[in-house]
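# Structure assessment
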Amino acid sequence: MAPLFVLVLLCFNGLIHCERPAVVNIGAVLTYDSLIGGVAKVAIEAAVDDINADTTVLAGTQLNLLMHDSNCSAFLGSVGAWRAFEENAVAIIGPQSSTIARMISSIANGLQVPLISFAATDPTLSSLEFPFFLRMTPSDSSQMVAMADLIYYYGWRQVIAIFVDDDYGRNGINSLDDELATKMSKIYKIGLPVGATEDSILNLLQESKLIGPRVYVVHVNPDSGLKILSIAQHLQMMTDDYVWLATSWLSTALDTLESVNLNSLSYVQGLVGLRQYIPDSERKVAFMARWRYLQRKGPINSKVNAYGFYAYDTVWAIAHAIENFLIESGNVSFSSSNMLHALKGKIKLQKLRTFDGGALLLKKLLLSKFSGLSGPIQFDSDRNLVNGTYEIINVNGSTIHTVGYWHNNTGLSVSLPETVYGNKQEDLIMHQGLGSITWPSGKTETPRGWVVANSERPLRIGVPYRASYTEFVKVGKGDHSVNGYCIDVFNAMIKLIPYQVPYQFVPFGDGQSNPNYDELVRMVAEDVIDAAVGDIAIITNRARIADFTQPYISTGLVIVAPIKTIKSNAWVFLRPFTVGMWCVTGAFFFIIGVVIWMLEHRVNSDFRGSPKRQCITMFLFSFSTLFQSQQEDTLSTLGRFVMMVWLFLLMVITSSYTASLTSFLTVQQLSSPIKGIDSLIASNEPIGYQVGSFAESYLRDCLSIHPSRLVSLGSPEAYKEALNHGPKNGGVAAVVDELPYIELFLSKTSGFGIIGQPFTRSGWGFAFQRDSQLVIDMSRAILELSENGDLQMIHKKWFCKTNCAALISHDSEAERLHFSSFSGLYLVCGIATVLSLIIFLLRSIRQFKRYSRRYRDSASSADPASSAELSQRSRAIYSFFEFIDEKEEAIKSMFKRQERTCQPQNS
């Protein structure tokens, strides 16, 4: 009986334990006197009343709301949550602050109590670190994608973000930074301390005006955002130069304020912001109708905002989850924690207990799927509300206009999100875009969104303080005035830019030696200066750290060496042709003579006679054609055809030879054995370069020339002296420098010349900081200067004062005529010659066959012996050459005689 009694007792106890509870506690942590918390408090209380009045929701179980005021303090918020945990709350609503939510989430994890926030938008709260945290509002990760798309839509590449420096502000702007990085845009961050004073806000905004971008993204709390905009207007930052974009706090503030007159809020005119999209429904309309009565019970006099709808739906989501939880588990139970029990006596935590069904209730919450005031309620895999839709709003006059929408599937669109769901991709593209926006200036034209500089902070432009070649950039020693070719180009470009760019030149260097241009560009990259103007070559390592304009002059590294004339050279007439060209041309003279002799020998008496005379005629004929004074005429058709092609080839060859020889006899040639960069590298002789030029690093790093061979030279005079001394007397074999410097050097100095062509290709440009908007406009100005001829006029002004003649590059090998240049002509002549020879041979063979057949017929009738037949075959080859040697007229006469002899026999 005892075991049976124990079993019945256990079953009875289980039935008692499985009874449905009459009351279930839920907690809420809010800031009552805030725009979000005041509205949420009223909405949560209304939702609890509606659920308790509806017996079909929890089947008689009542919700007991344990609400605590955090007073916008992380400490007080934690205390409020602590009290709710002590009273066995199965879920906590809120807190609205991301900072408080992060702190309470750690406690909720330990006690396994779900924490459902309707306003904490910090994206990092969705991490696996907080498995019991759910979000009944869109995360800032989706809001910042919408903001990045809006910035990209208008083509702004740089923005300034103003944010409150807490978890909510920092992590939201970091998410925006990540999104803008994918669109190659840059963000400047200005953090405001929590509870920032007006003076601190004013100072930070004043400093932000010196950065350059004029697109501001404000991501703060609704209670402090309008104060920031008011101070910005006081600083005259609401003009047509500025763009102000706001996250959802702006719509929350404007939607919440009761009877606000937007016309009186001049500092919000022209603002563009995001608003959580709440679709219209009958329940939403009915709730808004009730709000005037409900808000009388609230701590503030306000209208309902989006967070009020989310807070209301949060209570309903908890109620549905508790109902499903009770259906499956039957009751709510809490257990003492062993870890907390061990701390008994040290910290009074004995009232805290772990919610046994916390994991199950969390599961039921995540499975929620119903339609609430804010729209469809459903959670994604990151425990966030599945609702990635925002309105793009624009404040204009007394009205808040909706100019478009953003959805995570469609991007920016002028249509309502539900009207484009399920459409084809091409239909979505048709709806993409935004409506007309009125900006802070009252204009509808999209602002540029940045200023390069202003009178308070002019553009800092570094210029090289050169010691030589000051024609390019010259800095005055006393007043530091700046002029030169590069400066004139820059000033001409500035005039073509359609806006004012205040600037000041900052000399770089001491004027005693040429500065290091790599260091000058590095100063631009490190924001020491804003730009660098001068004779700056655009090379790879510089382009990696700074942006350059279009090249305004083409350049490249060249070799300069001493030169001398070779007019007294007795064999200069051989230089126009290469050895291969001479050989091929000589071979063709011989071939043409042989072919013409073969074609003319049978018909032209000038090509007959003794063997000695024929050989002389054969060799002299083709050579005499070079001077068009040959004594022999061509009579055969094939011979004339070959001569026509040959004479055309000779005309081209002789004219080219004459032009090349003239060049060799009139220009100066190099006295140095160096013929190009390859021979310079192989020579192992000293090489000069200009101090500060990139030529040193190029020769050392790219061409692997040992540094001991490189000699720095600081001026054109040093060039001349080192080249005249030569490598054997302490000088250099050649100087490697950029083409513009060498051209200027050669225009003032004689006895030197350029070897070959530039062996690098680059240009000079002006350096700006990465992503500088000025680069595009400056590059466009360079193209305009080039097209209208002003760039050439500036070049002529500085470099054509005394000698404007073209400087010739000396490359003897390049000036010589190669066979490859005439291979097509030789190929045509060869084909014509071979084709004529083949036709001649075929015709001769046909005649010889006719002649030999008749000869055999007459021989066989006289002596039919086989030995005579063998003798006839052995003489066939000799007979052919004898036949070829005969005159054409003799062969034709012989055929006629044979025909007359054979006619009586045939008859």
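Up top you'll find the structure we're talking about.
Anyway, here's the lowdown on the structure attached to this text. (Residues numbered from 1 in each chain as written. Predicted model: local features only at pLDDT ≥ 70, side-chain atom pairs only at ≥ 80, totals over all residues. Heavy atoms only, no water.)

## Observations concerning empty space enclosed by the protein
For the record, the criterion: In this analysis, the protein atoms alone were mapped onto a 1 Å grid. Cavities are point sets where a 1.4 Å probe fits without being able to get out; pockets are open sets with protein on both sides within 12 Å along at least five of seven lines; lining residues have an atom within 4 Å of a point. Grid points are joined across faces, edges and corners, and a volume is the space filled by probe spheres set on the points. Here the term charged refers only to Asp, Glu, Lys and Arg, the term nonpolar to Ala, Val, Leu, Ile, Met, Phe, Trp, Tyr, Cys and Pro, and the term polar to all other amino acids, Gly among them.
Counted according to the given criterion, the structure contains three cavities of 30 Å³ or more. Estimated volume of the largest cavity: approximately 70 Å³. As for the largest cavity, its lining consists of 14 residues, of which Tyr517, Gly692, Ser693, Glu738 and Tyr741 are closest to the centre. When its residues are assigned to classes, the lining of the largest cavity shows six nonpolar, four polar and four charged. Around the second largest cavity, the lining residues are Lys209, Leu210, Ile211, Gly212, Arg214, Val451, Val452, Ala453, Asn454 and Arg457. In terms of residue class, the lining of the second largest cavity is made up of five nonpolar, two polar and three charged.

## Quick notes on the pairing of strand 1 (residues 23–30)
Selection rule: Buried means the residue's accessible area, taken with a 1.4 Å probe over protein chains only, is under 20% of the maximum for its type, while exposed means over 50%, and partly exposed covers the values in between. Going along the chain from the N terminus, every DSSP run of H or I of four or more residues is numbered as a helix, and every run of E of two or more is numbered as a strand. Criterion used throughout: strands pair if DSSP finds at least two bridges between them.
The buried count for strand 1 comes to seven of eight residues, which makes it a mostly enclosed element. Pairing of strand 1 with strand 2 (residues 62–69), which is carried by eight bridges, proceeds in the parallel orientation. The partner of asparagine 25 across the bridge, within strand 2, is asparagine 64. The pairing of strand 1 with strand 3 (residues 92–93) spans two bridges and is parallel. Counterpart to glycine 27 in the pairing with strand 3 is isoleucine 92.

## Examining the sheet that holds strand 7 (residues 186–192)
Rules: Lines fitted to the C-alpha atoms define the axes, with helices restricted to the stretch that makes contact. Angles between their N-to-C directions range from 0 to 180 degrees.
Pairing is mixed across the open sheet formed by eight strands, whose spatial order is 7-6-8-9-10-15-16-17. Each end of this open sheet is capped by a strand with a single partner; those strands are strand 7 and strand 17 (411–413). For this sheet, the mean angle separating the axes of adjacent strands, direction not counted, is 25°.

## Topic: the layout of surface pockets
There is about 760 Å³ of room inside the largest pocket. Lining the largest pocket are 38 residues, and of these Cys72, Asp166, Val194, Asn221 and Asp223 sit closest to its centre. Elements that contribute at least two residues to the lining of the largest pocket include exactly helix 5 (98–111), helix 6 (140–153) and helix 9 (222–234). Considering each element in turn, the lining of the largest pocket owes the most residues, five residues, to helix 9. Among the residues forming the lining of the largest pocket, the class breakdown is 18 nonpolar, 15 polar and five charged.

## Examining the packing of helix 4 (residues 74–86) against helix 5
Applied cut-off: Oblique is the label for every angle not falling under 35 degrees (roughly parallel), over 145 degrees (roughly antiparallel), or within 65 to 115 degrees (roughly perpendicular). For a crossing to be left-handed, the near helix must be turned anticlockwise from the far one by less than a right angle; the clockwise case is right-handed. Only heavy atoms enter the contact rule, under which two residues are in contact if any of them lie within 4.5 Å.
Across the interface, helix 4 lies against helix 5 with an axial gap of 9 Å and an inter-helix angle of 25°. Classed by the angle they form, the pair helix 4 and helix 5 counts as roughly parallel. The chirality of how helix 4 crosses helix 5 is right-handed. Residues Ala74, Gly77, Ser78, Ala81, Trp82 and Phe85 of helix 4 lie in contact with helix 5, whose contacting residues are Ile100, Met103, Ile104, Ile107, Ala108 and Leu111. The class makeup of the residues in the contact of helix 4 with helix 5 is 10 nonpolar, two polar and no charged.

## Brief notes about the environment of glutamine 158
Structurally, glutamine 158 can be placed in strand 6 (residues 158–164). Taking relative accessible area as the criterion, glutamine 158 reaches 12% and is therefore assigned buried. Expressed as a C-alpha distance, the spacing of glutamine 158 and tyrosine 216, which sit 58 residues apart in the sequence, is 9.4 Å.

## Topic: the nonpolar core
This is how it is decided: Side-chain atoms within 4.5 Å link the members of a nonpolar core, which is a set of buried Ala, Val, Leu, Ile, Met, Phe, Trp, Tyr and Cys residues.
Ranked by size, the top nonpolar core spans 87 residues in total, and within it Phe472, Tyr485, Tyr552, Phe766, Leu774 and Met778 carry the most contacts. Counting residues per element, this core draws most heavily on helix 17 (residues 485–496), at eight residues. The residues contacting tyrosine 552, other than those within four sequence positions of it, are Tyr485, Cys486, Val489, Gly534, Asp535, Trp764, Gly765, Phe766, Ile782 and Leu791.

## Brief notes about the pattern of salt bridges
This is how the line gets drawn: The salt bridge definition used is simple: a Lys or Arg side-chain nitrogen within 4 Å of an Asp or Glu carboxyl oxygen.
Under the defined criterion, the tally for this structure stands at 26 salt bridges. A salt bridge links arginine 460 to aspartate 527; the nearest nitrogen and oxygen atoms lie 3.3 Å apart. Of this pair, arginine 460 sits in strand 18 (residues 459–464) while aspartate 527 sits in the loop between helix 18 (517–525) and strand 22 (531–532), and the two are 67 residues apart along the sequence. Overall, the relative accessible area of 41% leaves aspartate 527 in the partly exposed class. Between lysine 748 and glutamate 471 there is a salt bridge, with the nearest N and O atoms lying 2.5 Å from each other. On the criterion of sequence distance, the pair formed by lysine 748 in helix 26 (residues 739–748) and glutamate 471 in the loop between strand 18 and strand 19 (474–475) is long-range, its members being 277 residues apart. A relative accessible area of 18% places glutamate 471 in the buried class. When salt bridges with common partners are traced through the structure, they connect Arg102, Asp122, Asp165, Asp167 and Arg170 into a single cluster.

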